[in-house]
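Letter by letter, the chains look like this.
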Amino acid sequence: MPRIDPRLNDLPQSVNELIADRAIRHTLFMERYKTSVVNEIIGMLNKTVEPALIAKLEKSLRKITRMSPNLIKLFRENGELMRAEFRVMESKLYEHMRDFANAESQWQIATLKSATPIAFDFVAPSPKLLKTLITNAPMQGVLVKDWFGNLARETAFKVNQQIQLGIVEGEGIEKIVRRIKGTRAARYSDGILNISRHHLRAVVRSSVSHVAHTTRDEVYKENQDIIKGVQVILTLDTRTCLACVKIANGGKIYPVDSAPHLPLHWSCRCTTAPVLKSWKELGIKLKEAPEGTRASMNGQVPEDMTYPAWLRKQPIEIQNEALGESRAKLFRSGRLKLNEFVDRNNRPLKLSELQKIAS
């Protein structure tokens, strides 16, 4: 028989509502952690991949003609360089994700323990299992390592294409390099390599979401004696796609073994929350629960929760975190709708900061 915790007699009406609230807050702070990881991986592209590529191109293009064997050699070397450097970035991402998966698992267990008015022995998935899932669980149907391999091939192809076009057009070395790198005036957003940056950002951000939800799925599976289902909550974006609206389905509770796996698509920022069983479903008689906690384990779940509705109920500091102080003031005053400024560029957040803030 689980032990009743007499200290927890001031919980909200539903434990499941409390868990859902904390899940959304955690997802909010996780966006900042994503930005931190993205910045580090993109920094590697900027500081090592691009300079090495440009230096090699400037040297090689001086002795290349349209049909020169040196051109074929350059194309091959570009491919080798991209494969090697993207493997380094992939390795760095895996390093982050192993630490993140363990931290996410610990956060989920801690949240379940702190939210429930009785002392359950919640079980965390083993670090070995999480490590295996990070490398072997497909993201959008493809392994993370294969996404990186495809990015390397795609980048090499586009670079080689621009070299070929430049040579055919009789352009000089400077102009060919500018095609690839971009111009300072445009902050290099007009170069071919910026396409790779954009795609790399998407892969890294989605990888963080993928690992977070894979870890949560395992926590839910390990604790099915207490968790009866999973609820998908539309959060962090008022421009939610129809696919997300469909799976959220007005607060539908999915069985743990058949719940949708998030992220559902690139840049998906929805989240999930476990739905705990009621006192009755757990086989615990209400009279055994301390007065004041009896309604908290009634199985009640929040109805279809929208991010704007959730955000309006949050303390000022959470609203400021989500929107920035100036926009949060406008949001509270009702002068602007959330969809007019919801896409805030979040400040980078390290894993240690994420764990501290979201605890």
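All values reported here derive from a predicted model rather than from experimental measurement. (Residues numbered from 1 in each chain as written. Predicted model: local features only at pLDDT ≥ 70, side-chain atom pairs only at ≥ 80, totals over all residues. Heavy atoms only, no water.)

Colleague: Before we move on, can you summarise helix α3 (residues 127-136) with the specific residues and values?
Modeller: Along α3, the residues classified as buried are Leu130, Leu133 and Ile134. One side of α3 carries all its buried residues, which in axial view fall inside an arc of 105°. More than 90 degrees from the buried face of α3, the exposed residues found are Lys128 and Lys131. Among the structural elements, α2 (69-115) and α6 (192-222) are those in contact with the buried residues of α3. (Buried < 20%, exposed > 50% of the residue type's maximum accessible area, 1.4 Å probe, protein only. Helix = DSSP H or I, 4+ residues; strand = E, 2+ residues; numbered from the N terminus. Arc of directions from axis to C-beta. Contact = heavy atoms within 4.5 Å.)

Colleague: With reference to specific residues and values, describe the side chain of His210.
Modeller: Structurally, the position occupied by His210 is in helix α6. Given the relative accessible area of 2%, His210 is considered buried. Within polar-contact distance, the side chain of His210 engages the side chain of His261 at 3.4 Å. Setting aside its immediate chain neighbours within four residues, His210 contacts Ala137, Pro138, Met139, His261, Leu262 and Pro263. (Polar contact = N/O pair within 3.5 Å; in protein donor to acceptor, adjacent residues only side chain to side chain.)

Colleague: Describe the nonpolar core, and please don't skip the residues or the numbers.
Modeller: Core analysis: the biggest nonpolar cluster contains 47 residues, and Leu57, Met89, Ile163, Ile180 and Leu200 have the highest contact counts within it. Listed by contribution, the elements that provide at least two residues to this core are α1 (15-60), α2, α3, α4 (144-168), α5 (173-181) and α6. If one sorts the elements of this core by residue count, α1 sits on top with 12 residues. Residue contacts for Leu200: discarding those within four places in its chain leaves Ile41, Ile42, Leu45, Phe86, Met89, Phe148 and Leu151. Core analysis: the next-biggest nonpolar cluster, separate from the first, contains 19 residues, Ile19, Val256, Leu276 and Ile284 among them. (Core = buried A, V, L, I, M, F, W, Y, C linked by side-chain atoms within 4.5 Å.)

Colleague: Could you give an account of the sheet that holds strand β3 (residues 227-233), with specific residues and numbers?
Modeller: Taken together, 3 strands build an open sheet; the order of strands is β4-β3-β5 and the sheet is antiparallel. With one partner strand each, in any of the chains shown, β4 (253-254) and β5 (271-276) form the two edges of the open sheet. Contacts from α6 reach β3 and β5, with the element oriented near 10° to β5. (Pairing = 2+ DSSP bridges. Axes fitted to C-alpha atoms, helices over the stretch in contact; angles between N-to-C directions.)

Colleague: Let's hear about the pattern of salt bridges: which residues, and what values?
Modeller: Throughout the structure, instances matching the rule amount to 14 salt bridges. For Glu50, the salt bridge identified is with Arg197, shortest N-O distance 2.3 Å. Separated by 147 residues along the polypeptide, Glu50 in helix α1 and Arg197 in helix α6 bring together distant segments of the chain. A salt bridge links Lys92 to Glu95; the nearest nitrogen and oxygen atoms lie 3.5 Å apart. Here the residue Lys92 and the residue Glu95 both occupy positions in helix α2, the gap between them amounting to 3 residues, near one helical turn. (Salt bridge = Lys/Arg side-chain N within 4 Å of Asp/Glu carboxyl O.)

Colleague: Which residues make up the environment of Tyr33, and what are the values?
Modeller: Along the chain, Tyr33 falls in helix α1. With 175 residues separating them along the chain, Tyr33 and Val208 place their C-alpha atoms 8.6 Å apart.

Colleague: Please give an account of the pairing of β5 that cites residues and values.
Modeller: The side chains of a regular strand alternate between both faces of the sheet. In terms of burial, β5 is largely enclosed, as 6 of its 6 residues are buried. Residues Thr271, Ala273 and Val275 point to one face of β5 and Thr272, Pro274 and Leu276 to the other, with burial holding for every one of them. As paired strands, β3 and β5 are joined by 6 bridges and run antiparallel to one another. For Val232, the partnering residue across the bridge sits in β5 and is Thr272.

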